[in-house]
Amino acid sequence: MHIALSHNLRDDSACAEPDPEPPAPAPADDLYAEWDDIHTIRAVESALATHHRVSLVNADLDAFAAFRELKPDLVFNIAEGLHGASREAQIPAMLDMLGVPYTGSDPLTLGNCLDKRRTKEILSYHRIPTPRFVTVDSPAQLPARLRYPLMVKPVLEGSSKGVTDQALVSDRKALVRQVEWVLDTYRQSALVEEFLPGREFTVALLGNGAALRVLPIVEINFDTLPAGVNPIYSYEAKWLWDQEDDPLQIFTCPARLEPLLQKQIEEICRRAFAVMGCRDWCRIDVRLDARGLPAIIELNPLPGILPRPEQNSCFPKAARAAGLSYEEMILAVVEAAGERLNLQGVQDERLRMF
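Note that this is a predicted model, so its numbers are computed, not measured.

Draft legend 1. Fine view of unusual backbone geometry. In this structure, Pro-149 follows Tyr-148 across a cis peptide bond, with omega equal to 0°. In this chain, Cys-253 is followed by Pro-254 through a cis amide linkage whose omega measures 0°. As for its placement among the helices and strands, Pro-254 is situated in the loop between strand S11 (251-252) and helix H8 (259-275). Although it is not a glycine, Asp-280 sits at a positive phi angle of roughly 75°.

Draft legend 2. Seen up close, the packing of helix H2 (residues 63-70) against helix H3 (residues 90-98). Packing of H2 against H3 leaves a shortest axis separation of 11 Å and a crossing angle of 40°. The angle between H2 and H3 places the two elements in the oblique class. With respect to the hand of their crossing, H2 and H3 are arranged in right-handed fashion. Every residue of H3 that contacts H2 at Ala-63, Phe-64, Phe-67 and Arg-68 is listed here: Ile-91, Met-94, Leu-95, Met-97 and Leu-98.

Draft legend 3. The pattern of salt bridges, seen in detail. Summed over all chains, the structure comprises 13 salt bridges. Between Arg-199 and Glu-219 there is a salt bridge, and its shortest N-O distance comes to 2.8 Å. Here Glu-219 lies in strand S10 (residues 218-220) and Arg-199 lies in the loop between strand S7 (190-194) and strand S8 (200-207), a separation of 20 residues in the sequence. We classify Arg-199 as partly exposed; its relative accessible area is 32%.

Draft legend 4. Looking closely at the sheet that holds strand S1 (residues 2-7). Here three strands make up an open sheet; going across it, the order is S2-S1-S3 and the pairing parallel. Here the strands that pair on one side only, and so sit at the sheet edges, are strand S2 (53-58) and strand S3 (74-77). Across the sheet, the axes of successive neighbouring strands diverge by a mean angle of 30°, strand direction being ignored. In this structure, S1 lies alongside S3, joined through four bridges in parallel fashion. Looking at the pairing, Ala-4 lines up with Val-75 of S3. Strands S1, S2 and S3 of the sheet are contacted by H2, whose axis makes an angle of about 160° with S2.

Draft legend 5. Just the packing of aromatic side chains, in detail. All chains considered together, the criterion is met by four aromatic pairs. A centroid spacing of 5.7 Å and a plane angle of 80° characterise the contact between Tyr-233 and Phe-251, whose relative ring orientation is edge-to-face. Of the two residues, Tyr-233 is situated in the loop between S10 and helix H7 (235-240) and Phe-251 in strand S11; the sequence distance between them amounts to 18 residues. Taken individually, Tyr-233 and Phe-251 each receive the classification buried, so the pair is uniform in this respect. Seen from their ring centres, Trp-281 and Phe-315 are 5.4 Å apart, and the 80° between their planes marks the pair as edge-to-face. Taken together, the residues Trp-281 in strand S12 (residues 280-288) and Phe-315 in helix H9 (residues 314-321) connect sequence positions 34 residues apart. Neither residue differs from the other here; Trp-281 and Phe-315 are each classed as buried.

Draft legend 6. Representation of helix H5 (residues 116-125). Of the positions making up H5, those classed as buried are Lys-116, Arg-117, Thr-119, Lys-120 and Leu-123. Taken down its axis, H5 places every buried residue within 160° of arc, on the same side. Next to the buried residues of H5 lie helix H4 (107-114), strand S4 (133-136), strand S5 (150-154), S7, H8 and strand S13 (294-300).

Draft legend 7. Spotlight on the pairing of S13. Burial of S13 is extensive: seven of the seven residues sit out of reach of the surface. By the bridge criterion, six bridges tie S12 to S13 in an arrangement that is antiparallel. Bridged to Val-286 within S13 is Ile-296. Counting the residues that bridge the hairpin from S12 to S13 gives five residues, and of these Gly-292 lies at a positive phi of roughly 85°.

Draft legend 8. Representation of the sheet that holds S7 within the structure. If you walk across this open sheet you meet the four strands as S4-S7-S5-S6, and the pairing is antiparallel. Either end of the sheet is taken by a strand with one partner, and the two such strands are S4 and strand S6 (168-169). Judged from the four bridges that link them, S4 and S7 form a sheet pairing that is antiparallel. Note that in S7 the partner of Phe-133 across the bridge is Glu-193. The sheet contacts of H5 involve S4, S5 and S7, and relative to S4 the element is tilted by about 145°. Contacting S4, S5, S6 and S7, helix H6 (residues 172-186) crosses the sheet at an angle of about 10° to S5.

Cut-off values and rules
Residues numbered from 1 in each chain as written. Predicted model: local features only at pLDDT ≥ 70, side-chain atom pairs only at ≥ 80, totals over all residues. Heavy atoms only, no water. Helix = DSSP H or I, 4+ residues; strand = E, 2+ residues; numbered from the N terminus. Axes fitted to C-alpha atoms, helices over the stretch in contact; angles between N-to-C directions. Parallel < 35°, antiparallel > 145°, perpendicular 65-115°, else oblique. Left-handed = near helix turned anticlockwise from the far one by under 90°. Contact = heavy atoms within 4.5 Å. Salt bridge = Lys/Arg side-chain N within 4 Å of Asp/Glu carboxyl O. Buried < 20%, exposed > 50% of the residue type's maximum accessible area, 1.4 Å probe, protein only. Pairing = 2+ DSSP bridges. Phe/Tyr/Trp six-rings, centres within 6.5 Å; stacked < 30°, edge-to-face > 60°. Arc of directions from axis to C-beta.

The analysis is restricted to geometry; functional conclusions fall outside its scope.
What follows is the structure in structure tokens.
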């Protein structure tokens, strides 16, 4: 089968070349945080190439013409985009227009999951627990009475962008300061949500429908962070303090869980996956409230997949704990998409493998 790998490459030249320039003055150190480096792209390409013919397509202004020319049987989509609230949905929408099948969620799901406000509204409608929240476009819109501590986040960012160590606030002055910083820096609404004091987990899901698998749960251990910082998985924790040559010992996988709590976390993640319309794979962040009950923080239908164990990428970490190599993990996503789409090429390859 011919698979096109749709991606955004993050490297030194990428930071200078995108056209047009981004309209928002986002910090230079996190503007491209969601994009993949060449090592990740080559690792995915290599995994796909073990069973399929692979073409690389950079998700830029020439992507539409590239897909029309290639006419792939399937697109393996890991493109994050750059501009606007629709950025993660742009390549899938383009592929829908061309009638080209692809892995992962559709444009509507990608847009809703990127928008933390819409995610939480949908979850709340379906009575899936998520922290209480408000979104504001000015500090003047903040309610007079709020229960501290609170988390402040940009409403349209992923990869911990804008969630610095200062995102956890404990009084009005700090709240106003952080809201103003988010509004000025990212030029988008600020999400203000209650801080849940319990343990935090991230949960990788693979497949669809009755075949949906919950991989071994990853726990984030905040007591391994530098002394004096807040117990949150901040931008600093993800990108600055956790380095490949000196990785933080911040994760436990499989998480040590009592059977009932594990069942509760798995069930809430399956429900969130379904009501948000996720397909093929997703990583979901979960935190326990003061009663020890799980609540959904956010969904990541384009999960990070850094290939090397020392890079502490959670979806591959969960896959390894489930006995899947990196190659097997990537091919399992292809298989899930192929079965969902009834692609004969995937079914024929599976027969050859087994």
